[in-house]
Amino acid sequence: MPVPRAIADSTEPARGLWASVTIRVAWELVLNGVQTRAETLAEVREHVLRSLPRGLSVPEAEELASQGVSEWLDRVRQGRYRRVATDPDLAIAVDAGWRQRLSSALDGVGDVVLKLHFGDGFPIGVVARNAALDPSRAEAAREGIREAMRELAAEENLSLVGWPVGRVDRLIRRVATVAEPGCPGPGGLFTDEGRSHADRCPRCSRAVRLVRGGVLSPADLFPPEGDAARPSDRIRVLALLLHPDARRHHEALAQALAPVSISVGADAWLVAESSLEALTEALQRLALQGSPARHHLRGAIVSGSGRWTRDRVLGPLPVLAVEAARARPWGEIMGVEDLPAPLPPPPRAGSWWAAAALLCLFAIGMGAFVARPRPNPVDYPLQAAFEPAEQGWEARFSTDELATVDVVVRRQGSLEIRHAGVREAKGRWATGQGDYRLDLDGEEALIVSSQGGVPDLRARVDAARQDPDPLGSLEARIRVGSPGAALSRTPPRVVAKAL
């Protein structure tokens, strides 16, 4: 769960985060329709606390707690272990004064929408129904809040010009949920002073409602003694990945791994270190049958904060292990001896006559094949598909793990190098389905896959800028100067929309 160094370099210990994280976790579970039993709350809170980087401020921890709940729900509901994207604007420091100024700029309806929709997270239709508002009026109030947020940000020397609505809404949500200073402890929450504070503080208001609704008890907000607030135990696991070209063997592999692993993605499994011997035996049997072959597997062993519970693993370790496995070459599995090559199929008597006939045909075919012109081979093939998006293009592409990727876009008529020389770091683009995904803003885009990156890319881009078709000129320059590179360019937007 990465986080930009933001707001302040706080040394707030885990005990100081306990109550605020507990409140945020319980609230997110309720919003997502999860029956919040005591053991469920404890499990999700443990996952969040294991995943939080050290040195966070309380506001940062609350934002990342919401992200941690989404990760846990993905694991429980879909069996999918992935890194949820962190809000890139978390470095923007907001405080209670922002919320007070934003609220004062709104009318009564706008204040209700700010608190219930942005603050509590209820859908706008639910807010309109529960507040007896006409849906169009509630929608107009939401748009008014966005405009007021833009004006408030401008006063803070923060320009929101060009921000998409979703990004503006995330900032408003952070402003609407920032706590008032001086929150009482769990023991003072239901005193007259505590209730008065809760009327002004989103965090304490949630806590009061959760306790009254039976979701939390005041005891849940008291941190445990000592270091138990942040679990420190570590485990070692192996992440095993199956190559996309061998997906026909997925069922056979999944069945063989079922006793010793859990699925953490479309073609990814997690194995406890104690089960490596049993895993090795299962993989050796499959490798002899070629289902899958050894070069279609790779894996990495990683140690970190985590805990096995029933059929899942808590903490950030599963995602870290999968990312480490993606960085390893195919055919290498840490902790597992080299797998055998597949056994040859048994010979059949009739095959010799067929082989003789095929040999003659092969000789004729080879002569024709050698005589034909052959294109330059590429180092690493590239397959890409582009879909038009609001801000440009959504690209899905696949290439070899060892390939280096360069990405150039034409934006507002000018060429820009968007990504240069990306090799190991491609893992952050992985979809978990054997390929990669990129959002590219611009009129056109060019993706290049090569052995070591396009040499002198900057000079080639500068030279192509003067041509009538700069991206086409750059493509031609790369094909001539780097014959081993594989290239894929976005289609004309009219053609893409028609497809």
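Reading guide: rules and limits
- Residues numbered from 1 in each chain as written.
- Predicted model: local features only at pLDDT ≥ 70, side-chain atom pairs only at ≥ 80, totals over all residues.
- Heavy atoms only, no water.
- Salt bridge = Lys/Arg side-chain N within 4 Å of Asp/Glu carboxyl O.
- Helix = DSSP H or I, 4+ residues; strand = E, 2+ residues; numbered from the N terminus.
- Buried < 20%, exposed > 50% of the residue type's maximum accessible area, 1.4 Å probe, protein only.
- Pairing = 2+ DSSP bridges.
- Axes fitted to C-alpha atoms, helices over the stretch in contact; angles between N-to-C directions.
- Contact = heavy atoms within 4.5 Å.
- Phe/Tyr/Trp six-rings, centres within 6.5 Å; stacked < 30°, edge-to-face > 60°.
- Lys NZ or Arg CZ within 6 Å of the ring centre and 35° of its normal.
- Parallel < 35°, antiparallel > 145°, perpendicular 65-115°, else oblique.
- Left-handed = near helix turned anticlockwise from the far one by under 90°.
- Nonpolar A, V, L, I, M, F, W, Y, C, P; charged D, E, K, R; others polar.
- Core = buried A, V, L, I, M, F, W, Y, C linked by side-chain atoms within 4.5 Å.
- pLDDT = per-residue confidence, 0-100.

The next point concerns the pattern of salt bridges. This model, assessed by the stated rule, comprises 46 salt bridges. Measuring nitrogen to oxygen at the nearest pair gives 2.6 Å for the salt bridge that ties Arg312 to Glu43. Of the two residues, Arg312 sits in strand β6 (residues 312–314) while Glu43 sits in helix α2 (residues 38–51), which places them 269 residues apart along the sequence. Comparing Arg312 with Glu43, the two get one shared label, buried. In this structure, a network of salt bridges that share partners links the residues Arg410, Glu443, Glu444, Asp469, Glu475, Arg479 and Arg489.

Moving on to the sheet that holds strand β4 (residues 297–305). Strand order in this open sheet of four strands is β2-β3-β1-β4, and the pairing throughout is antiparallel. Each end of this open sheet is capped by a strand with a single partner; those strands are β2 (261–265) and β4. Going from strand to strand, the sheet's axes swing by 30° on average, the running direction of each strand aside. Strand direction decides the pairing type here: β2 and strand β3 (residues 268–272), joined by four bridges, are antiparallel. Following the sheet pairing, Ser261 is matched in β3 by Val271. Lying over the sheet, helix α13 (residues 317–326) contacts β1 (234–242), β2, β3 and β4, oriented at roughly 145° with respect to β4.

On to the packing of aromatic side chains. The description of an aromatic ring pair rests on the distance of the ring centres and on the angle between the ring planes. Going through the model one piece at a time under the given rule, you end up with four aromatic pairs. Ring plane angle 85° and centroid distance 6.5 Å describe the contact between Phe386 and Trp393, whose orientation is recorded as edge-to-face. Grouping aromatic residues by their ring pairs yields a cluster made of Phe397, Trp429 and Tyr436. One residue, Arg167, lies across the ring of Trp163, its end atom 3.7 Å from the ring centre. We note Arg298 situated over the ring of Trp330; from NZ or CZ to the ring centre the distance is 3.9 Å.

This part takes up the packing of helix α1 (residues 14–31) against helix α3 (residues 58–78). Axis separation between α1 and α3 bottoms out at 9 Å; the angle between their running directions is 40°. Taken as axis vectors, α1 and α3 run oblique relative to one another. In the packing of α1 onto α3, the handedness of the crossing is right-handed. Taken together, the residues of α3 that come into contact with α1 (itself represented by Gly16, Leu17, Ser20, Val21, Arg24, Val25, Glu28 and Leu29) are Val58, Ala61, Glu62, Glu63, Ala65, Ser66, Val69 and Trp72. Across the contact of α1 with α3, the residue classes tally to nine nonpolar, three polar and four charged.

So, about the pairing of strand β10 (residues 414–422). Sheet topology places strand β9 (residues 404–411) next to β10; six bridges connect them, and they run antiparallel. Residue pairing across strands places Arg410 opposite Leu415, the latter belonging to β10. What sits between the antiparallel neighbours β9 and β10 is a turn of two residues, in which Gln412 has the positive phi angle 55°.

In this fold, Gly119 is placed in helix α5 (residues 108–119). Contacts of Gly119, omitting those with residues within four sequence positions, involve Leu114, Ala176, Thr177 and Arg206.

Okay, the nonpolar core next. If you look at the biggest cluster of nonpolar residues, it comprises 37 residues, and the most contacted ones within it are Val21, Val25, Leu29, Leu52 and Leu216. Broken down by secondary-structure element, the contributors of at least two residues to this core are α1, α2, α3 and α10 (202–212). Dropping the residues within four chain positions of it, Val25 is found in contact with Leu41, Val44, Arg45, Val48, Ala65 and Val69. By size, the runner-up hydrophobic cluster in this structure holds 28 residues, among which are Trp98, Phe118, Val127 and Ala138.

Strand order across the open sheet formed by three strands is β7-β8-β11, with antiparallel pairing between neighbours. The sheet is open, and its two edges are formed by β7 (383–389) and β11 (436–441), each paired on a single side. With direction set aside, neighbouring strand axes in the sheet form an average angle of 20°. Note that β7 and strand β8 (residues 392–398) share seven bridges and pair antiparallel. The residue of β8 that forms the bridge with Glu387 is Glu394.

Looking along the chain, the bond that leaves Ser291 and enters Pro292 is cis, with omega of 5°. In this structure, Pro292 sits in the loop between α12 (276–289) and β4. Its identity is not glycine, yet Ala132 carries a phi of approximately 55°, on the positive side. A relative accessible area of 71% places Ala132 in the exposed class. A positive phi angle, close to 60°, is found at Asn157, a residue other than glycine.

We now examine the packing of helix α7 (residues 135–155) against helix α8 (residues 165–177). The interhelical angle for the contact between α7 and α8, taken along N-to-C directions, is 80°, at an axis separation of 10 Å. If you check the angle between α7 and α8, you find them roughly perpendicular. Residues Ile145, Arg146, Met149 and Arg150 of α7 touch α8, and the partners they reach there are Val165, Val168, Asp169, Leu171, Ile172 and Val175. When its residues are assigned to classes, the contact of α7 with α8 shows seven nonpolar, no polar and three charged.

Right, let's talk about the confidence of the model for the chain for a bit. Across the chain, the average pLDDT comes to 87, with 89% of residues at or above 70. Summarising per-element confidence for the chain, the mean pLDDT is lowest in helix α17 (residues 493–498) (51) and highest in α7 (96). Predicted confidence is poor over residues 1–12, with pLDDT under 50, and the contacts of this stretch with residues over four places away or in other chains come to 42 contacts. With pLDDT under 50 throughout, residues 495–499 is counted as low confidence; its partners more than four residues away or in other chains account for four contacts.

Counting buried positions over the seven residues of strand β12 (residues 444–450) gives seven, a clear majority of the element. Side chains Glu444, Leu446, Val448 and Ser450 of β12 all project onto a buried face; the interleaved residues Ala445, Ile447 and Ser449 project onto the opposite face, where all are buried too. As judged from the seven bridges shared by β9 and β12, these two strands associate in the antiparallel manner. Bridging across to β12, Val405 finds its partner in Ser449. Relative to strand β13 (residues 486–489), β12 is paired through four bridges, and the arrangement is antiparallel. Each residue of the ladder has a partner; that of Val448, found in β13, is Leu487.

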